[in-house]
Amino acid sequence: MTRPFVFAGLSTRVVFGHGTLKSVPDEVARLGHHRALVLSTPHQEDQAQALAEALGSAAAGVFSDAAMHTPVDVTGRAVAAYRDLGADCVVSLGGGSTTGLGKAIATRTGADQLVVPTTYAGSEMTDILGETADGEKVTRRDASIRPEVVVYDVDLTLGLPVGLTMTSALNAIAHAMEGLYAPDRNPVTEALSRDALKAFAAALPVLRDDPANPEARSQALYAAWGCSTALGYVQMALHHKLAHVLGGSFGLPHAETHAILLPHTTAYNEVAVAGLLAPIRDTFGHASAGAGLWHFARDIGAPLRLSELGLSEADLDRATEIAVKNPYENPREITRAGIRQLLQDAWEGSEPA
Ligand code: NAD
């Protein structure tokens, strides 16, 4: 019998293909806007400047100080630039950090957002914004946060470094994994998640050896769209909670942390919802979903140990305390001993039992 569900419908317009960057001026015009503030990190400033040039008089300027975890002081400067330049929308070109800045500007000004994602992290389809102030990251969801248009241009991902390719893809797979057991999942997010898992499983081993392979890049970006969409329409649980704790309270890098935690959070919840995680087991081909993801991550050269990221073994007790402090919904009961063991395994990088 089909499980009862509520599906609110997908609201973001998506343009996907090779060379789609050239459609950005038309898409801005289609939104009815004439002065876009183009956003990027310092690393991608040249690309942002080139896009502003392509927009011509429809560009208000470039703000290229986007940073990881959306620090509110950077947002304050960006909002000031948005207002001073008389901008009427934002175009965010980059990974999740740049998308986050666009979302932060949008919630403060009502700006429409057009996002051009260049990693697989998957912020572009979601109504989620995490912002950092005084060393603390606070995440919220609101319909006003979700971008209006996403332009996926495969060509912009051809040069994505192999390391970030693998870790941001595993970050995306984590969205699909938690989407499979989310209490508010629906057939659309389930189908997209299953399809995305298969596409990533096929594409990432190819990209390890041939990073500019256009077919595999296309498959991977398609998969990222599916995972981002799943994240954007259902609630997340243990995996995202632990990644948030390690990123927010210990300063660990986002994509790597997700990548390392994924096999272990999957294995933890698989005890309770093995059937719902069967698509992962079937796709990655091991006795369990957790083991399958661990072997896959190792095969594609992703980091496996939290200890590699500078977390000390002594930090694991404090991370456990923070992670179990406030109760939240998860398919398997959250116990202090269980989380402490999970973190130990992730710290050592051992194959999940
Ligand atoms: P990132 O955006 O921080 O990018 C990392 C670096 O790679 C940056 O210097 C960036 O300019 C560079 N880069 C991006 N694309 C590139 C490319 N194609 N070629 C070369 N360099 C490139 O990293 P990320 O992993 O994409 O995003 C992480 C951030 O996204 C975190 O702050 C996380 O919280 C957020 N996030 C939010 C959501 C959400 O729904 N709110 C979802 C996923 C991630």
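What counts as what
Residues numbered from 1 in each chain as written. Predicted model: local features only at pLDDT ≥ 70, side-chain atom pairs only at ≥ 80, totals over all residues. Heavy atoms only, no water. Helix = DSSP H or I, 4+ residues; strand = E, 2+ residues; numbered from the N terminus. Polar contact = N/O pair within 3.5 Å; in protein donor to acceptor, adjacent residues only side chain to side chain. Contact = heavy atoms within 4.5 Å. Patch = residues over 30% accessible without salt bridge, like charges linked within 9 Å, V, L, I, M, F, W, Y side chains within 5 Å. Areas by Shrake-Rupley, 256 points an atom, 1.4 Å probe, with all protein chains shown as cover. Salt bridge = Lys/Arg side-chain N within 4 Å of Asp/Glu carboxyl O. Pairing = 2+ DSSP bridges. Axes fitted to C-alpha atoms, helices over the stretch in contact; angles between N-to-C directions. Buried < 20%, exposed > 50% of the residue type's maximum accessible area, 1.4 Å probe, protein only. Phe/Tyr/Trp six-rings, centres within 6.5 Å; stacked < 30°, edge-to-face > 60°. Domains from an automatic or database assignment. Buried area = accessible area lost by both parts, 1.4 Å probe. Nonpolar A, V, L, I, M, F, W, Y, C, P; charged D, E, K, R; others polar.

Draft legend 1. Highlighting the side chain of H33. With respect to the helices and strands, H33 occurs in the loop between α1 (24-30) and β2 (36-39). Within the local environment of H33, its side chain forms a polar contact with the backbone oxygen of D88, the two atoms lying 3.4 Å apart. In this structure, H33 is in contact with V28, D88, C89 and D112, ignoring residues within four places of it in sequence.

Draft legend 2. Geometry of a nonpolar patch on the surface. A cluster of nonpolar side chains, namely F5, F7, L10 and V188, defines an oily patch on the protein surface of about 310 Å² accessible area. In this fold, F7 is placed in the segment before β1 (13-17).

Draft legend 3. Here's a closer look at the sheet that holds β2. Spatial ordering of the open sheet is given by β1-β8-β5-β4-β2-β3, a layout of six strands whose pairing is parallel. Each edge of the sheet is formed by a strand with only one pairing partner; in this case those strands are β1 and β3 (59-63). In this sheet, neighbouring strand axes are inclined to one another by 15° on average, regardless of whether the strands run parallel or antiparallel. Where β2 lies against β3, four bridges are found, and the strand directions are parallel.

Draft legend 4. Molecular detail of the pattern of salt bridges. For the coordinates displayed, the defined rule picks out twelve salt bridges. With a shortest N-O distance of 3.2 Å, D209 and R208 are connected by a salt bridge. By relative accessible area, which is 58% here, D209 ends up exposed. Owing to a relative accessible area of 34%, R208 belongs among the partly exposed residues under this scheme. The residue E321 makes a salt bridge to R336 at a minimum N-O spacing of 2.9 Å. Taken together, the positions of E321 in helix α12 (residues 315-325) and R336 in helix α13 (residues 336-348) put the pair 15 residues apart, joining distant regions of the chain. Taking relative accessible area as the criterion, R336 reaches 47% and is therefore assigned partly exposed.

Draft legend 5. Quick peek at the packing of aromatic side chains. Tallying each qualifying case throughout the model produces four aromatic pairs. Where F16 meets Y152, the ring centres are 5.9 Å apart and the plane angle is 45°; that geometry is what we call tilted. Here the residue F16 occupies a position in strand β1, and Y152 occupies one in strand β8 (residues 149-153), the gap between them amounting to 136 residues. Summarising the aromatic geometry, the rings of Y120 and F200 are spaced 5.9 Å apart at their centres and angled 65° between planes, so their arrangement reads as edge-to-face. Of this pair, Y120 sits in the loop between β5 (112-117) and β6 (128-133) while F200 is found in helix α6 (residues 187-209), placing the two residues 80 residues apart along the sequence. Residue Y120 is classed as buried on the basis of its relative accessible area, which comes to 0%.

Draft legend 6. Fine view of the domain arrangement of the chain. Looking at the assigned domains, one finds that the chain contains domain 1 (13-157) and domain 2 (162-348). The centre of domain 1, based on its C-alpha atoms, is set 25 Å off from the matching centre of domain 2. Every contact between the two is made by 24 residues of domain 1 and, on the other side, 28 residues of domain 2. Together domain 1 and domain 2 conceal approximately 2,000 Å² of surface at their shared face, both sides included; 61% is due to carbon and sulfur atoms. When the buried surface of domain 1 facing domain 2 is broken down by residue, F16, Y120 and M125 rank first, second and third, together holding 31% of it. Counting the contacts that link domain 1 with domain 2 gives zero salt bridges. At the surface where domain 1 touches domain 2, the tally comes to eleven residue pairs in polar contact (both at pLDDT 80 or more). When contributions to the side of domain 1 that touches domain 2 are tallied by element, the ones reaching two or more residues are β1, β7 (136-141) and β8. Partitioned by chemical class, the residues of the side of domain 1 that touches domain 2 number nine nonpolar, nine polar and six charged.

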